[in-house]
Amino acid sequence: MNMTSQVIPQALERLIQDLCKLPGIGQKTASRLALNILRRPAGEARELANALAELHSSIQLCSCCFTFSQNDPCAICADHKRDQALVCVVEQPGDLLAIENAGNYRGHYHILHGVLSPMDGIGPAEIKVKELEARINSGTIKEVFIATSSTVPGEATASFLLDRLQHRAIRITRLACGIPMGMDIKYADKHTLARAIESRSESR
Ligand SMILES: [Zn+2]
């Protein structure tokens, strides 16, 4: 048993260790958050616990585009006013939100849930590539708009997709320049992103 576990009550220590598992939260931030939760009314802690407990029971992956959604299909896939022939391929659900916030995209999406990263053992089978191909096979898609980040793995994933899809009778476009190299699209400002979507370019 170490010093901290003797001094800190077990329930508090457990919360600190659980918070530490989140990205960007170190021991110090986790302790500050846990103590803050403890100081607030008990009802607020219960509210937070309920929200966490409900997360997985009420949210699922859309079986079409693979974004997180309360319903299947998600609101975007179910929206017939959006252009079904245009599909924007992004790395994560957060990227979909960034593109939606840019405000000028009216097509559908496909979430890869990752990028190719051979060093970490992530190949095409680990991300939703065959699901994208199955959607293309269904015949409704006329344009695949690749909007992976301009990071090294994002670029590698885009090149892989271009290669894999180039023989298909569809238009393949990429997010235009304006997004700085190495930047995750989630962090691009919405006007730059809107312009990059507007002037997306043909990839072959
Ligand atoms: Zn969907």
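Further up the page is the structure itself.
As a starting point, this report considers the structure included with it.

Strand pairs in the sheet, formed through backbone hydrogen bonds, run parallel or antiparallel to each other. Spatial ordering of the open sheet is given by E4-E3-E5-E6-E7, a layout of five strands whose pairing is mixed. Only two strands of the sheet have a single neighbouring strand rather than two, namely strand E4 (107-111) and strand E7 (201-202). Direction of pairing for strand E6 (residues 171-174) relative to E7: antiparallel, over a ladder of two bridges. Bridge pairing in E7 places Thr 173 opposite Glu 202. Sheet strands in contact with helix H6 (residues 93-102) are strand E3 (83-90) and E4, and its direction is about 125° off that of E3.

With that out of the way, let us pick up the environment of Leu 19. Following the sequence through the fold, Leu 19 ends up in helix H2 (residues 10-20). Judged by local crowding, Leu 19 falls into the partly exposed class, with 18 C-beta atoms found within 10 Å. As a C-alpha pair, Leu 19 and Ala 34 span 15 residues in sequence and 8.0 Å in three-dimensional space. If we ignore the near neighbours within four places in the chain, the residues touching Leu 19 are Ile 25, Ala 30, Leu 33 and Ala 34.

It is worth spelling out the nonpolar core at this point. Cys 88, Val 89, Val 90, Ile 99 and Ala 147 are the most contacted members of the largest nonpolar core, which totals 34 residues. Contributing elements (two or more residues each) for this core: E3, H6, E4, helix H7 (129-137), strand E5 (143-146), helix H8 (152-165) and helix H9 (190-198). In terms of residue count, the dominant contributor to this core is E3 (four residues). If we ignore the near neighbours within four places in the chain, the residues touching Val 90 are Asp 95, Leu 96, Ile 99, Tyr 109, Ile 111, Leu 112, Ala 147 and Thr 148.

So, about the pairing of E5. Bridging between E3 and E5 involves four bridges; their strand directions are parallel. Bridge pairing links Cys 88 to Phe 145 in E5. Pairing of E5 with E6 involves four bridges; the strand directions are parallel. Looking at the pairing, Val 144 lines up with Ile 172 of E6.

Calculation notes
Note that residues are indexed from 1 along each chain, following the sequence as it is written. Selection of residues for local features in this predicted model requires a pLDDT of at least 70, selection of side-chain atom pairs for listing and counting requires 80 or more, and totals for whole chains, interfaces and linings are taken over all residues. A pair of strands is considered paired only if DSSP assigns at least 2 bridges between the two. Secondary structure elements follow DSSP: runs of H or I of four or more residues count as helices, runs of E of two or more count as strands, with numbering from the N terminus. The contact criterion used is a C-beta to C-beta distance within 7 Å, with each C-beta placed from the backbone. Axis lines are fitted through C-alpha atoms, for helices just across the contact stretch, and the angle between N-to-C directions can take any value from 0 to 180 degrees. Using C-beta atoms placed from the backbone, we call a residue buried if 20 or more other C-beta atoms fall within 10 Å of its own, exposed if 12 or fewer do, and partly exposed for counts in between. Only buried residues count toward a nonpolar core: Ala, Val, Leu, Ile, Met, Phe, Trp, Tyr and Cys, linked into one set through C-beta atoms within 7 Å.

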